[in-house]
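Next come the chains, spelled out residue by residue.
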Amino acid sequence: MITLCENHSDLHWKGYGYAIALLAVVVLQTLVHQLYQRFNMLTAVKIKTAAVGLIYKKALSLANSSRRKYTTGEIVNLMSADAQQLMELTVNLNLLWSAPFQILMAIVFLWQELGPSVLAGVAVLVLVIPINAFVAAKVKQLRKRQMKNTDQRVKLLNEILHGIKILKLYAWEPSYQKKVVEIREREIDVLKSSGYLTTFSMLTLTCIPFMVSLATFGVYFLLDEENVLTATKVFTSISLFNILRLPLFDLPTVISAVAQTKVSLGRLEDFLYSEDLDPQDIDTNYSGNHAVGFIGASFRWEKTGPSILNNLNMKIPEGSLVAVVGQVGSGKSSLISAILGEMNKFEGTVQRKGSVAYVSQQAWIQNTILQENILFGSGLNRPYYERVLEACALLPDLEQLPNGDQTEIGERGVNISGGQKQRVSLARAVYSNADLYLLDDPLSAVDVHVGKHLFETLIGPSGLLKNKTRILVTHNLTLLPQTDVIIVLEGGRIAHMGTYQELLSERANFAELLQVFSTENKSEETPQMKMSSLKRESQKGNTLPQKELLGHKESSSFEQTKAFSMKKENVATGSMTLSVILKYLQAFGWLWVWLTLAAYLGQNAVAIGQNLWLSTWSAAEEKNKDHTEWKHLRNNKLGVYGLLGFIQGLLVCYGAYVLTRGSLCASRTLHNHMLANVLHLPLQYFETNPVGQIINRFTKDMFIVDLRFHYYLRTWLNCTLDVIGTILIIMSASPLFILVVIPLGYLYFIIQRYYIASSRQIRRLAGASHSPVISHFSETLLGLSTIRAFGHQERFVRQNKDVVNENLVCFYNNVISNRWLAVRLEFLGNLMVFFAALFAVLAGNTMNSSTVGLSISYALNITQTLNFWVRKACEIETNGVSIERVCEYEKMDKEAPWIMSKRPPMGWPNKGIIEFINYQARYRTDLGLALQDVSFQTHSKEKVGIVGRTGAGKSTLTNCLFRIIERAGGKIIIDGIDISTIGLHDLRGNLNIIPQDPVLFSGTLQSNLDPIGKYSDHELWEAVELCDLKNFVQSLPKKLLHEISEGGENLSVGQRQLVCLARALLRKTKILILDEATASVDMETDNLVQSTIRKEFHNCTVLTIAHRLHTIMDSERVLVLGSGRIIEFDTPHNLLLQQGVFSKMVSEAGITQDTNNS
């Protein structure tokens, strides 16, 4: 085209031919490129899906040693971040060969224009590559550090969210918030370093094309005095240098992506090579006459770890009921794990016959409807299903649940009580109709009558499972006479084994053990089952007629609390509001915003100036015939061209630096605000929303805020200025162009609006469909041993495929919508090129060749720029969704302030007098009252027992004391202060509670006892000694600094319970609430806990929520609740004489009255 304009003699038709040829070439390029992109994206997503599937499959077969090495947070991160990294590399992988190929082609064409002087430009390119390689290597190192920090942060957040109730009750949120912020600051430091490296690579990137052209033109003049720069040479070269720019930009990006992916692949490889369970450990093909056999078998948890079970020899006959007893930490649960093949066997043989059903000590419940939890993948056999529900005492519970067995159970079973979880878990095992039942202390979480009912109708000699082999771990020794075989474990060995009679006659210490137990419980006629029901138990159905039971139901607080099932993630709709962008810019800092704008305007103005300079230079050169004057001018012109390039480089560098600083400010501010907002949410929010949703905000959405969003903003700004500059230049060359710009601009606008609306929504759906993938994965990791015991790995792999597929549907639509956009936008851009060429032909002699060159080379650039511009505008909109999600916790209802201006005096409460005055409370505004007109007052240092049937409001009462639920009327006064007038932390920090669930966090034992670092080592050792843990802690190599694994997995449940007691002993406050917590400990430990509490808290007011009546028979007064009201409140002696509700409950529990009066 330029040559045509230089030789005006040629005919017009040739010009039109060139213009049409130009259009044909660019249209063809568009179509081929988009097809390639589509295939590329689909291949990439297949690779990602394969990686996710592999990680999931591997997780199902992990050995315990590997499971301890990889926390849930780390494995989830492998699945979200590392698999994503693989996909991102695959998308760009072809650039590894296509970029060098493009560079080579450009150099060949340049040689034709400028001859050997091109080599000078190539030399500059070659020099820059090692610099970029160095930057990429550095980025790889930083990425490794970044991943480590992110893993730590996600792991800590995961634990905080799962243990949020403890954090709130103990007012520990600030100290855990501080821990998260510390890790986050380390992340920001790494981000800062990589941001500065990016600034440096931006500098080299912008300066490359200009340095290359400077070197090439300079050498071109030096090679031959006669060389002249014509418009043809200048603009063809400039176009070719622009072609060079993209592959040069992509190459380092791909190289650093390869480096990052190498890190991810390393992490994936480590995980996939980690140790699996060895299925050969257990001989399951055995066909003898016993169900389970151990011959000289010894086990440990890890290959290099200490031996846990030693030299086990036993044979369990088919169809027998075997009880496993022993003290806390003697290896009872380990024995069950050994039979399941969950432990590492290093000697001996294990034989096991038939299919297995397993009930774990801490029930694992899925986030699905109750019926699905019981069927667990089997078909529905209605009559048998009804029998199972009846045997597991679940019928009364179904009456209370809003949708019966179709009620959705929340994550980790948050909306049902502990006893209900345990019975659902038991029902799941019974329904599977297996040959061998392994029951790890399932009766500890249920009420006395229910325990008795379960034993009689299910586990015992006349129960539903009477013909099956049952191995029952229990702390309840009254069941032993009804078992066929008893195994007594001591320190990981079988101390005694035989029938009840054999052990009584032969083993003195077994009889002694029973003696201790029976003196404790001689007042009880019924088997004493221990009970730690979480929240509310609904087990009264066995002692009350059905009609009466339903009568009790109307205002049950159980119904109130739990009527809300898990909420699906909300998907925002409509366009992203300006307020979201403003929020980001506010967090970014207005100073940085203005400085960024100034830097980018400057660099674009200089870039246009550079090209205009070339244009006037080549025009002058054509006219100039005097060589000596020209040489003198030429050196000046080259100098000015170089200076402009240098200024542009500086401005780019400055712009990138300013942007990095601002984006780090935004990252820090948004993360810390979100963390503070989440920790201020009321407890009910966490009980009704899956943790996966919140974690998703802290991982995926924060990743976009940290690394992506500011990059999109920068690119969009650059493209906007580019487009404006291009249109101005073409219009200055041919003013007629404005006639084309207006309709094309309008079409652009319409296409963009149409695309952004759909694309944004598709993105939102993809974001929301990603949460179930993470939730399902986390859930699987929690229930690994249950899934493996039932042999349902394949079914869970299929479920994982289903949730991933759902996510892929949204992703596929996203890919295709991008291709749709690209084809249309590029076609419009191609039309712009065509019209720029057409107007040049039409202008004929009126336009000089250098102007034509300038306008067409800019028009050729605009296609990519416009495409990029709309894409980035859309990226800003769709990724703005992440900022929207990060900020959405701001608008939610929060708890009352932690600290208020009115603060209680030091040492409050000093007497411990609690007074309820006409107190009313409800769980939600649309539900009835859970507590109605409750009025009572305790004395100083009084011991009060609180009893009542399920749903009576016992737990609601403690929730009100801690203001977990706010009042609907009336007030609570503690030592003269109305608790609603002080901050939550002033209240909760001065009360003490031993909750039912022993929740521990990963970290040291010391940090679990005292996360705030308030107590001395001496005080910690004192507390540990009082809880009978001193010997255990001293036997640990690191003593108090012993590392506790996630959720306290490396301690037995009983030991966790004792650590929680020690935690309470450290808080010397005047009021203790005891939510009966001795479910997972043996009788001896139980007695120790009770006597420690009596002795250590003798000068405190103690409120005990009793599930076992004998623990509160020595209380000074007993408060009996029913349907949220106080029914009776007096001393136990007087209440027994009154023959009211309490007296009836006592006789039901089989406690004889004379023993308690004596």
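Residues numbered from 1 in each chain as written. Predicted model: local features only at pLDDT ≥ 70, side-chain atom pairs only at ≥ 80, totals over all residues. Heavy atoms only, no water.

## Section: the overall build of the chain
Okay, step 1: Within the chain, the regular secondary structure consists of 38 helices and 21 strands.
Okay, step 2: Counting over 1158 residues, the chain shows a buried share of 59%.
Okay, step 3: Considering only residue pairs separated by 6 or more positions, the chain has 82% of its internal contacts joining residues 24 or more positions apart.
Okay, step 4: By element, 58% of the accessible surface of the chain is carried by carbon and sulfur atoms, the whole surface being about 46000 Å². (Helix = DSSP H or I, 4+ residues; strand = E, 2+ residues; numbered from the N terminus. Buried < 20%, exposed > 50% of the residue type's maximum accessible area, 1.4 Å probe, protein only. Contact = heavy atoms within 4.5 Å. Areas by Shrake-Rupley, 256 points an atom, 1.4 Å probe, with all protein chains shown as cover.)

## Examining unusual backbone geometry
Okay, step 1: Of note, the bond from W908 into P909 is cis; its omega dihedral lies within 30 degrees of zero at -10°.
Okay, step 2: Tracing the backbone through its elements, the reader meets P909 in the loop between α28 (849-887) and β10 (914-921).
Okay, step 3: Positive phi is not limited to glycine here, since R963 has a value of about 55°.
Okay, step 4: Residue placement: R963 occurs in the loop between α29 (954-961) and β13 (967-974).
Okay, step 5: The buried category is assigned to R963, whose relative accessible area is 7%.
Okay, step 6: Unusually for a residue other than glycine, S1123 sits at a positive phi of about 50°.
Okay, step 7: Considering the arrangement of structural elements, one finds S1123 in the loop between β20 (1117-1122) and β21 (1125-1130).

## Topic: the sheet that holds strand β14 (residues 977-978)
Okay, step 1: With respect to topology, four strands assemble into an open sheet ordered β11-β10-β13-β14, the strand pairing being antiparallel. Either end of the sheet is taken by a strand with one partner, and the two such strands are β11 (931-937) and β14.
Okay, step 2: Here β10 runs beside β11; their pairing, made up of four bridges, is antiparallel. The partner of F916 across the bridge, within β11, is F936. (Pairing = 2+ DSSP bridges.)

## Quick word on the pairing of strand β7 (residues 469-473)
Okay, step 1: Within β7, five of the five residues are buried, which leaves it mostly tucked inside the rest of the structure.
Okay, step 2: Burial of the side chains of β7 extends over both faces: T469, I471 and V473 are buried on one face and R470 and L472 on the other.
Okay, step 3: The pairing of strand β3 (residues 321-325) with β7 spans four bridges and is classified as parallel. Within β7, the residue paired with V324 across the bridge is V473.
Okay, step 4: The pairing of strand β6 (residues 436-440) with β7 spans five bridges and is parallel. Across the sheet, residue Y437 finds its bridge partner in β7, namely R470.

## Some remarks on the packing of aromatic side chains
Here the distance between the centres and the angle between the planes together describe a pair of aromatic rings.
Okay, step 1: Evaluated as defined, the whole model comprises 22 aromatic pairs.
Okay, step 2: Taking the centre distance of 5.1 Å and the plane angle of 85° together, the rings of Y70 and F271 count as edge-to-face. With Y70 in the loop between α3 (64-69) and α4 (72-92) and F271 in helix α9 (residues 231-273), the pair connects residues that are 201 residues apart, well separated along the chain. Comparing Y70 with F271 shows no difference in burial state: the two are buried.
Okay, step 3: We note K179 situated over the ring of Y176; from NZ or CZ to the ring centre the distance is 4.3 Å.
Okay, step 4: The ring of F376 carries R428 above its face, with NZ or CZ at 5.2 Å from the centroid. (Phe/Tyr/Trp six-rings, centres within 6.5 Å; stacked < 30°, edge-to-face > 60°. Lys NZ or Arg CZ within 6 Å of the ring centre and 35° of its normal.)

## Points about helix α20 (residues 578-588)
Okay, step 1: Among all positions in α20, only V580, I581, Y584, L585, A587 and F588 are buried. One face of α20 carries all of its buried residues, which in axial projection span an arc of 160°. Opposite the buried face of α20, by more than 90 degrees, sit the exposed residues L578 and Q586.
Okay, step 2: Two residues or fewer past α20, G589 is found with a positive phi of approximately 100°. (Arc of directions from axis to C-beta.)

## A closer look at the environment of I55
Okay, step 1: Of note, I55 is situated in helix α2 (residues 12-60).
Okay, step 2: As a C-alpha pair, I55 and V76 span 21 residues in sequence and 9.3 Å in three-dimensional space.
Okay, step 3: Leave out the neighbours within four places in its chain, and I55 touches I75, L78, M79, L268, F271 and F777.

## Section: the sheet that holds β20
Okay, step 1: In spatial order, the strands read β15-β18-β19-β12-β20-β21; together these six strands make up an open sheet with mixed pairing. The open sheet has two free edges, formed respectively by β15 (992-994) and β21, since each of these has just one partner strand. The mean angle between the axes of side-by-side strands here comes to 20°, regardless of whether they run parallel or antiparallel.
Okay, step 2: Across five bridges, strand β12 (residues 943-948) lies against β20 in parallel orientation. Following the sheet pairing, I946 is matched in β20 by L1119. (Axes fitted to C-alpha atoms, helices over the stretch in contact; angles between N-to-C directions.)

## Thoughts on the side chain of T261
Okay, step 1: Following the sequence through the fold, T261 ends up in helix α9.
Okay, step 2: According to the relative accessible area criterion, T261 is buried, its value standing at 1%.
Okay, step 3: Within the local environment of T261, its side chain forms a polar contact with the backbone oxygen of A257, the two atoms lying 2.6 Å apart.
Okay, step 4: Ignoring any residue separated from it by four or fewer positions in sequence, one finds T261 in contact with Q85, L86 and L89. (Polar contact = N/O pair within 3.5 Å; in protein donor to acceptor, adjacent residues only side chain to side chain.)

## Let's talk about the UniProt feature "transmembrane region" (unreviewed entry) in the chain
Okay, step 1: Residues annotated in UniProt with the feature "transmembrane region" (unreviewed entry) correspond here to residues 16-36, 89-111, 117-137, 196-223, 584-602, 638-659, 736-756 and 827-847.
Okay, step 2: What you have in residues 16-36 is 100% helix and 0% strand, and the ends, taken at the C-alpha atoms, are 31 Å apart.
Okay, step 3: Summarising residues 117-137: 95% helix, 0% strand, and an end-to-end C-alpha distance of 32 Å. (UniProt positions renumbered as here; feature names shortened; annotations may be inferred.)

## Some words on the nonpolar core
Okay, step 1: Counting 117 residues, the largest nonpolar core has Y584, F916, L957, L961, I972, I974 and L1009 as the members making the most contacts within it.
Okay, step 2: Per-element accounting of this core gives the leading share, eleven residues, to helix α24 (residues 691-733).
Okay, step 3: For F916, the contacting residues outside a window of four places in its chain are V934, S935, F936, L957, L961, K971 and I972.
Okay, step 4: Core analysis: the second largest hydrophobic core is formed by 67 residues, Y384, C392, I409 and L458 among them. (Core = buried A, V, L, I, M, F, W, Y, C linked by side-chain atoms within 4.5 Å.)

## Here we look at the packing of helix α25 (residues 738-782) against helix α27 (residues 793-843)
Okay, step 1: Contact geometry for α25 and α27: axes closest at 9 Å, N-to-C directions at 165°. By the angle between their directions, the pair α25 and α27 is classed as roughly antiparallel. In this structure, α25 crosses over α27, and the sense of that crossing is left-handed.
Okay, step 2: For the contact of α25 with α27, the residue count by class is 24 nonpolar, 13 polar and three charged. (Parallel < 35°, antiparallel > 145°, perpendicular 65-115°, else oblique. Left-handed = near helix turned anticlockwise from the far one by under 90°. Nonpolar A, V, L, I, M, F, W, Y, C, P; charged D, E, K, R; others polar.)

## Overview of the side chain of N149
Okay, step 1: Tracing the backbone through its elements, the reader meets N149 in helix α6 (residues 118-162).
Okay, step 2: Judged by its relative accessible area of 9%, N149 falls in the buried class.

## Let's talk about the packing of helix α32 (residues 1017-1026) against helix α34 (residues 1053-1066)
Okay, step 1: At a closest axis distance of 9 Å, the pairing of α32 and α34 adopts a crossing angle of 130°. For the element pair α32 / α34, the angle class is oblique. Between α32 and α34 the crossing geometry is right-handed. Note on element contacts: α34 touches α32 through A1062, L1065 and L1066, opposite E1019, L1020, A1023 and L1026.
Okay, step 2: Split by residue class, the contact of α32 with α34 holds six nonpolar, no polar and one charged.

## Considering the pattern of salt bridges
Okay, step 1: Under the criterion given, the structure shown has 24 salt bridges.
Okay, step 2: A salt bridge links E88 to R708; the nearest nitrogen and oxygen atoms lie 3.0 Å apart. Taken together, the residues span a long stretch of sequence, with E88 in helix α4 and R708 in helix α24 at a distance of 620 residues.
Okay, step 3: Looking at E88, the relative accessible area reads 23%, which means it is partly exposed.
Okay, step 4: Put simply, R697 and E888 hold a salt bridge, and the shortest N to O gap is 2.4 Å. You can see R697 sitting in helix α24 and its partner E888 sitting in the loop between α28 and β10, a full 191 residues away along the chain.
Okay, step 5: Given the relative accessible area of 24%, E888 is considered partly exposed.
Okay, step 6: Connected through shared salt-bridge partners, R153, R184, E187 and D706 make up one network. (Salt bridge = Lys/Arg side-chain N within 4 Å of Asp/Glu carboxyl O.)

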